[in-house]
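Structural overview
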Amino acid sequence: MTKRVADIVPVIICGGCGTRLWPLSRKSYPKQFVPLVGETSLFKASALRLTGGRFTPPLILTNADFRFLVREQLAEIGITDPTILIEPEARNTAPAILAAALYLEKSDPDALMLVAPSDHVIPDNEAFLASILAATDAARAGQLVTFGIEPTHPETGYGYLELSEPTGAGSLSPIKLKQFVEKPSIDRATDMLASGNFLWNAGIFLFSVRSILAAFRRFEPDMVEHVAQSVDRSENDLGFIRLAPDSWSRTQSISVDYAVMERTDNLSVVPFSGKWSDLGGWDAVRRETEPDENGVSSSGPVTAIECRDSLLRSESDSVELVGIGLKDIIAVAMPDAVLVADSSRAQDVKIAVSKLKEKQAPQAEQFPRDYRPWGWFESIAVGERFQVKRILVKPGQSISLQSHNHRAEHWIVVSGTAQVTIDEKVQLVTENQSVYIPVGSVHRLENPGKLPVVLIEVQTGSYLGEDDIIRYEDKYARN
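Read on for a plain summary of the structure. These numbers were taken from a predicted model, which means no experiment stands behind them.

**So, empty space enclosed by the protein**
Scanning all chains against the criterion turns up two cavities of 30 Å³ or more. Lining of the largest cavity is provided by Ser 46, Arg 49, Leu 50, Ala 116, Pro 117, His 120, Ile 122, Phe 128 and Ile 204. Secondary structure elements with two or more residues in the lining of the largest cavity: α1 (42-49) and β4 (112-117). Its residues placed into classes, the lining of the largest cavity shows six nonpolar, two polar and one charged. Space inside the second largest cavity adds up to approximately 40 Å³. Contributing to the lining of the second largest cavity are Ile 122, Phe 128, Phe 147, Ile 149, Ala 202, Ile 204, Phe 272 and Trp 276. Contributions of two or more residues to the lining of the second largest cavity are made by β5 (144-149) and β8 (198-208).

Next comes the structure, spelled out in structure tokens:
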């Protein structure tokens, strides 16, 4: 029978980009929302892990672009009462955690906060909950507790925790932390693994609101001032809590490790011996998937011929990925980009993303399918003065009332029934019917039915950018 944890507020950080998992993870649709391992997204798995028992509904920190996606994915797993704080801009983990603590202080300054990233894989929930339970007394006594993963190999992609004393096998007792260690070289990582005195830094913390605020007020008083102003001046927007941007922008961008954890003397570590991965690169994804007898992990339409110890993934039904005679290779195919890399260079994928940004390639950050609060769209064909898109509008949702200065649009409904407004005319458009929207016409598409509306949009004009849009009404309050 699962032990019940004490009342704990899960605080889930959900704003990273996951550049080392490009091209599947991108700034516009990062890895936490993608089913990288299994059929569910990492974010949903993280939220489910911290549900039930004596966990309270979660507090999520994310940005405005992901707010509807966060709420939708939570609703899909039955979490309908989260608190979602919207960060005006990314400022790393210290301001995010501080904002959560200041928000919770208003209702319960003695509450325990379990701070966790949204993109980790922890298959053994029972062992994870046991580690949390083992940490609660220390957290209530004023300790800032972090969780260290017992290493299984000399990993260079993780930071480490050096313990004040070696941990016993299977021990869950909090141990005093000696120091944080940055991502090491392979030789240093090998030595640390052999010593038995180091754990991987999971970036998961448990502490009381009162204790973490005391640490921030001691070490980062200016940050506390700015973030407190941002929290105090926050606004409720469609059920989200928007932190005030002016004071937030004056906050230093810094991790909680640098801001507080490396400077405090009341830090303890609880070892976790269960399986864990932050999926920090394609090599980690390969370790978490089931390989065939040749060590090949594959996903999607893939054909592997005499390949060994490789990861082959195609993320498009229309792209067949074929590997012949590959060894220690990572190959990931998307509709608009393909990654091929030696497995030993998995951590260098982020360098490729930087190079793509320098050349202003849209593939660097833009996912081929653009998710919106009402559904999604994807580009099918682009040419001089035209673009063809496939669009899906979810039941009960609608695009904004809008117009364009430079393009006309032709909508052909493929499935479902749409209610279309063009200037003063409102009409129902069903499967195999179409409408034409001239340049400058004020228009909107709504889905009044119970099934998704799928349509093909043909754009023509002198400029086809997404910024050629004037919004008159928008149920999602987008500027």
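From this point, the narrative continues.
**Concerning the nonpolar core**
Ranked by internal contacts, the top residues of the largest apolar core, which has 88 residues, are Leu 36, Val 70, Leu 114, Phe 147, Leu 206 and Trp 282. A total of six residues in this core trace back to one element, the largest contributor, which is helix α4 (residues 125-140). Ignoring sequence-local partners within four residues, the contact set of Leu 114 consists of Ile 8, Val 9, Pro 10, Val 11, Leu 50, Phe 55, Ile 132, Phe 147, Ile 204, Phe 205 and Leu 206. Core analysis: the next-biggest nonpolar cluster, separate from the first, contains 46 residues, Ile 175, Leu 199, Ala 215 and Ala 259 among them.

**Some points on the packing of helix α3 (residues 93-105) against helix α6 (residues 209-219)**
Their axes nearest at 10 Å, the elements α3 and α6 cross at an angle of 130 degrees. Looking at the two axes, α3 sits oblique to α6. Like other packed secondary-structure pairs, α3 and α6 cross with a definite hand, here left-handed. Across from Ala 94, Ile 97, Leu 98, Ala 101, Leu 102, Leu 104 and Glu 105 in α3, the residues of α6 making contact are Val 209, Ile 212, Leu 213, Phe 216 and Arg 217. Its residues assigned to classes, the contact of α3 with α6 shows ten nonpolar, no polar and two charged.

About the thresholds
Numbers given for residues are sequential positions, taken from 1 along each chain in its written order. Two thresholds apply to this predicted model, a pLDDT of at least 70 for residue-level local features and 80 or more for giving and counting side-chain atom pairs, whereas whole-chain, interface and lining totals are computed over all residues. Hydrogen atoms and water are omitted, and side-chain values are computed over all heavy atoms in the structure. Here the term cavity refers to a set of points on a 1 Å grid, laid over the protein atoms alone, in which a 1.4 Å probe fits but cannot get out; the term pocket refers to an open set having protein on both sides within 12 Å along at least five of seven lines, with lining residues being those that place an atom within 4 Å of a point. Grid points are joined across faces, edges and corners, and a volume is the space filled by probe spheres set on the points. Numbering of helices and strands runs from the N terminus; a helix is a DSSP stretch of H or I covering at least four residues, while a strand is a stretch of E covering at least two. In this count, Pro and Cys sit with the nonpolar residues alongside Ala, Val, Leu, Ile, Met, Phe, Trp and Tyr, while Asp, Glu, Lys and Arg are called charged and the others, Gly among them, polar. Residues grouped as a nonpolar core are buried Ala, Val, Leu, Ile, Met, Phe, Trp, Tyr and Cys residues, joined through side-chain atoms within 4.5 Å. Buried means the residue's accessible area, taken with a 1.4 Å probe over protein chains only, is under 20% of the maximum for its type, while exposed means over 50%, and partly exposed covers the values in between. Any two residues whose heavy atoms approach within 4.5 Å at even a single point are treated as in contact. Here, axes are lines fitted to C-alpha atoms. For helices the fit covers the stretch in contact, and angles between N-to-C directions go from 0 to 180 degrees. In these notes the angle categories are as follows: under 35 degrees is roughly parallel, over 145 is roughly antiparallel, 65 to 115 is roughly perpendicular, and the rest is oblique. Two helices crossing with the near one rotated counterclockwise from the far one by less than a right angle form a left-handed crossing, whereas a clockwise rotation gives a right-handed crossing.

From the geometry alone we can't say anything about function, so treat these as descriptive.
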